[in-house]
Amino acid sequence: MPFKRRNGGRNKKGRGHVSFVRCSNCSRCVPKDKAIKRFLIRNMVEQAAVRDIAEASVYQEYALPKLYIKTVYCVSCAIHAKVVRVRSREGRRDRTPPQRFKGFSKEKKTAKA
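This text gives an overview of the structure that appears in the document.

About the cut-offs
Residues numbered from 1 in each chain as written. Predicted model: local features only at pLDDT ≥ 70, side-chain atom pairs only at ≥ 80, totals over all residues. Heavy atoms only, no water. 1 Å grid on protein atoms, 1.4 Å probe; cavity = no way out; pocket = protein on both sides within 12 Å on 5 of 7 lines; lining within 4 Å. Points joined across faces, edges and corners; volume = space filled by probe spheres on them. Helix = DSSP H or I, 4+ residues; strand = E, 2+ residues; numbered from the N terminus. Nonpolar A, V, L, I, M, F, W, Y, C, P; charged D, E, K, R; others polar. Buried < 20%, exposed > 50% of the residue type's maximum accessible area, 1.4 Å probe, protein only. Core = buried A, V, L, I, M, F, W, Y, C linked by side-chain atoms within 4.5 Å. Contact = heavy atoms within 4.5 Å.

Right, let's talk about the layout of surface pockets for a bit. Roughly 2,200 Å³ of volume is contained in the largest pocket. Lining the largest pocket we find 40 residues, and of these I36, R38, V84, R87 and P98 sit closest to its centre. Residue assignment for the lining of the largest pocket shows that the elements contributing at least two residues are β3 (36-43), α2 (75-80) and α3 (89-93). Take the lining of the largest pocket: its biggest share by element is 6 residues, from β3. In terms of residue class, the lining of the largest pocket is built from 16 nonpolar, 6 polar and 18 charged.

Attention now goes to the environment of R100. Mapped onto the elements of the fold, R100 is located in the segment after α3. By relative accessible area, which is 71% here, R100 ends up exposed. Separated by 40 residues in the primary sequence, R100 and Q60 have C-alpha atoms spaced 34 Å apart.

Right, let's talk about the nonpolar core for a bit. The biggest cluster of nonpolar side chains holds 9 residues, and these are C23, V30, A35, I36, V72, Y73, C74, C77 and A78. Elements that contribute at least two residues to this core include exactly β4 (66-73) and α2. Once you skip the residues sitting within four places of it in the chain, C23 turns out to touch R28, V30, V72, Y73, C74 and C77.

Shape is all these values report; function is a separate question.
Structure, rendered in structure tokens:
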């Protein structure tokens, strides 16, 4: 029978069994290697209240804490929430990682002369 993906949709390779994690959206048990994992970093306070807190604060340079959340999705929830997309047969063969966001690039921008 033909198979859809070279890795079977998993990152297991030599391991016989991997532990399960729960989907952040629907609590379905998903193998840890199959789950779609995203790391969400955002401010603890919404943007509208940042200025009010800064004005009311005693400290001049107070850095507001950030919220670090690791979300784990099952495949169906990740597709439904548009975290990942369904790719064509030719697109599934492309194994290059997706482009990173511009805000997270580590290399410095150089001025073109």
